[in-house]
Every structure is written in C-alpha cells, then in structure tokens.
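# An overview of the molecular structure
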Amino acid sequence: MAAIRNIVILTGAGVSAESGIDTFRDSGGVWEQHRVEDVATPEAFARDRDLVLRFYDMRREAIQTRQPNAAHLALAKLQAQWPGRVTLVTQNVDDLHDRAAAALGVTAADLIHMHGEHLNAWCTACDVRSPWAGPLLDRPACPSCGEAALRPDIVWFGEMPYRMEEIFAALREADLFVSIGTSGAVYPAAGFVRNARDLGAATLELNLEPSQGSLWFDEARHGPATVVVPAWVEEMLAR
Ligand code: APR
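The text that follows walks through the structure, step by step, so that each part is easy to find.

Reading the values: the criteria
- Residues numbered from 1 in each chain as written.
- Predicted model: local features only at pLDDT ≥ 70, side-chain atom pairs only at ≥ 80, totals over all residues.
- Heavy atoms only, no water.
- Axes fitted to C-alpha atoms, helices over the stretch in contact; angles between N-to-C directions.
- Helix = DSSP H or I, 4+ residues; strand = E, 2+ residues; numbered from the N terminus.
- Parallel < 35°, antiparallel > 145°, perpendicular 65-115°, else oblique.
- Left-handed = near helix turned anticlockwise from the far one by under 90°.
- Contact = heavy atoms within 4.5 Å.
- Nonpolar A, V, L, I, M, F, W, Y, C, P; charged D, E, K, R; others polar.

What follows is about the packing of helix α5 (residues 70–81) against helix α6 (residues 96–104). With their axes 8 Å apart at the nearest point, α5 and α6 run at an angle of 45° to one another. Between α5 and α6, the crossing angle belongs to the class labelled oblique. Crossing of α5 against α6: the hand is right-handed. Contacts between α5 and α6 pair His72, Leu73, Leu75, Ala76, Lys77 and Ala80 from the former with Leu96, His97, Ala100, Ala101 and Leu104 from the latter. Each residue belonging to the contact of α5 with α6 can be placed in one class, and the counts come to eight nonpolar, two polar and one charged.

By the element assignment, Ile112 lies in strand β3 (residues 111–113). Linking Ile112 and Thr90, residues 22 residues apart in sequence, is a C-alpha distance of 6.1 Å. Aside from chain neighbours lying at most four places away, what touches Ile112 is Thr87, Leu88, Val89, Thr90, Tyr162, Arg163, Glu166 and Ile167.

These figures capture arrangement, not role.
This is the structure:
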C-alpha cells in the first residue's frame, strides 16, 4: 500500500454484534423481528406513534446495558494514536464508539453518527436535539421549548443521513477507506467504497463474511470484529 495518512472508517451493526446488540439483516436480526415499514419510516411514526416509540424505547434501554468490545476499543486507539486523521463514520445508533473514544480522549468531531443516535431526542416543534436516556412513549416535554413533540433522533428510511458534506470532505482527503461490520445493503453508506475508490483511496473490508459490496474492495479480511479489527489496528500502528 502507498503511504497512508488520512483514513476513513465506516462501521455498521457487525461491530457491535459481539457486545450483544442485534444486527439488522443477519438471521434473527432486527428486520426479521420487526418490519421496517412498521417502525423505521416517517410514515410509520405518523400512523402509529406508540408502536414506533415503544420499539425505540426498548432499544434505547437495551444499549445502555451493553459495553464497548475489543473492536470499538481498537478503533478508538487508532484514532488516538495514528499520526494522520482517522474519521470514524458509523451507521450505528448505539453509543459504543463514543464510550470507547471518551476513554482515550479522541476528538469528538471525528466520530460521525450518520444515522442518528439512540441517546438523543429531537424536538419536532423547535428542532433542538437533547441528550435523552429515558423513554419517549409517555410524551415528555422538550427540555428546550416545553412542547411534547420529541421523536427518536434516528434517520429513518426515506430521510437524509446526517453530516454528508463532512463525510464527503473526509473521503476526498482519504488515502485509505475501511468498511467494518456492514452488509453494504443501505445507501448512501454502501456507496462510500466506490466514492473512495474514485477519489483515489485504497479500500479494505473487515467483515464476518463478504458483504454485498465485496467486489469493490482491494482487500478483504473475514472474521469476527473483535478479532480482525484489533489485529488490523496493531498492524497499522506498527507501520
Ligand atoms: N463481526 C463482524 N461482522 C459481523 C459480525 C461480527 N461479529 N456479526 C455480523 N457481522 C456482519 C454481517 O455479516 C453483516 O454483513 O455485519 C453486517 C451487518 O449487516 P446489517 O445487519 O445489514 O447492518 P448494517 O450494515 O449496519 O445496516 C445498515 O441498515 O436498517 C438500517 O439504519 C440501519 O444503520 C443500519 C443500516
């Protein structure tokens, strides 16, 4: 590989699987237990608000009992120690990358939650996002404006992912793009590998199995995230 300075890493549900958080599309995954159109679209929220709020209240509660695993910790270590910039873009709405990063003093701006965060609530009346750990089903008041108009701060199907301009700016500067624990089924994230290639970056996939976008990667390593990610990080830091 040529000299690498700037790295963009995209993570998906596979990186949190070994922390006990269900992935979406594996056997027994979230989208086998619930239909996307019942719980993860703006139309579902308009149609049956209680069902949607109950679903996210359950998941918000569950992630708070989970802990970052060796993969989250290794990625935070890379971000803290790599001499260039490491931008971590996650599709995950849990806070396991955040907790791993906090322990190592990683710059918060270099962690991008493109699909939102379970631990935020978004007020549809005043547009302010507030940290939120409790339930939303009982229609609590927005801490900012007092209206009972909070929704999960989750990017639903049919909504625009967050911070796309920053992500593309990082991809333009990237020498290496790494995709970890994502099936490559959901755009625009699934297209980042091709954007990165077109912009001249080398590409690497770390996943349990070949993803849907596998053929776009220069190199792929298959295995559980808690094994392949720390091994790759140690290799990078030894370069
Ligand atoms: N280690 C590494 N990879 C794993 C592991 C593991 N322990 N367990 C599962 N995987 C891989 C699977 O093989 C699969 O390719 O992680 C991937 C998980 O894919 P999905 O369930 O589709 O999750 P993700 O790609 O993050 O989904 C993208 O879809 O529903 C939306 O908004 C949701 O952000 C999510 C998006």
